Amino acid sequence: MKNWNILLASQSPRRKQLLEMIDLSPTIIRVDVEEVYPADLPLSEVPLFLSQLKAKSAEAIHDDDLVITADTVVILENELLGKGWCDW
């Protein structure tokens, strides 16, 4: 089995913690992308679209690098709420 160097393209402490819970030790990498999606994209497809956008901008440095990306959105009453929607 190949010994992968796991790169997590996420600043989320929870995503890192989840990977560590299954005995993976990811290296956090920063991916700078503007999280914009097509206006006609169904809301249920936005997280996948944004994850793929992040994956395209996160380049593996070596052949043994495995890059993991993810995205989470909140949809309320058929409206996608932005990252800063919660003020509590």
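Nothing here was measured: the structure is a model prediction, and the numbers come from that model.

Undergrad: Residues and numbers for the overall build of the chain, please.
TA: For the chain, the helix and strand inventory stands at 2 helices and 5 strands. Helices and strands in the chain line up, N terminus first, as β-α-β-α-β-β-β. Here the chain holds 88 residues, and the buried ones make up 23% of them. In the chain, 43% of the contacts between residues at least 6 apart in sequence involve partners at least 24 apart.

Undergrad: How would you explain helix 2 (residues 46-57) if you had to name every residue and give the values?
TA: End to end, helix 2 covers 17 Å across 12 residues, agreeing with the expected 16 Å (1.5 Å per residue, within 8%). The complete set of buried residues in helix 2 reads V46, L50, S51 and K54. Seen end-on, helix 2 carries its buried residues on one side only, within an arc spanning 130°. Exposed residues lying more than 90 degrees from the buried face of helix 2 are L48 and K56.

So, how was this worked out
Residues numbered from 1 in each chain as written. Predicted model: local features only at pLDDT ≥ 70, side-chain atom pairs only at ≥ 80, totals over all residues. Heavy atoms only, no water. Helix = DSSP H or I, 4+ residues; strand = E, 2+ residues; numbered from the N terminus. Buried < 20%, exposed > 50% of the residue type's maximum accessible area, 1.4 Å probe, protein only. Contact = heavy atoms within 4.5 Å. Expected span 1.5 Å × (residues − 1). Arc of directions from axis to C-beta.

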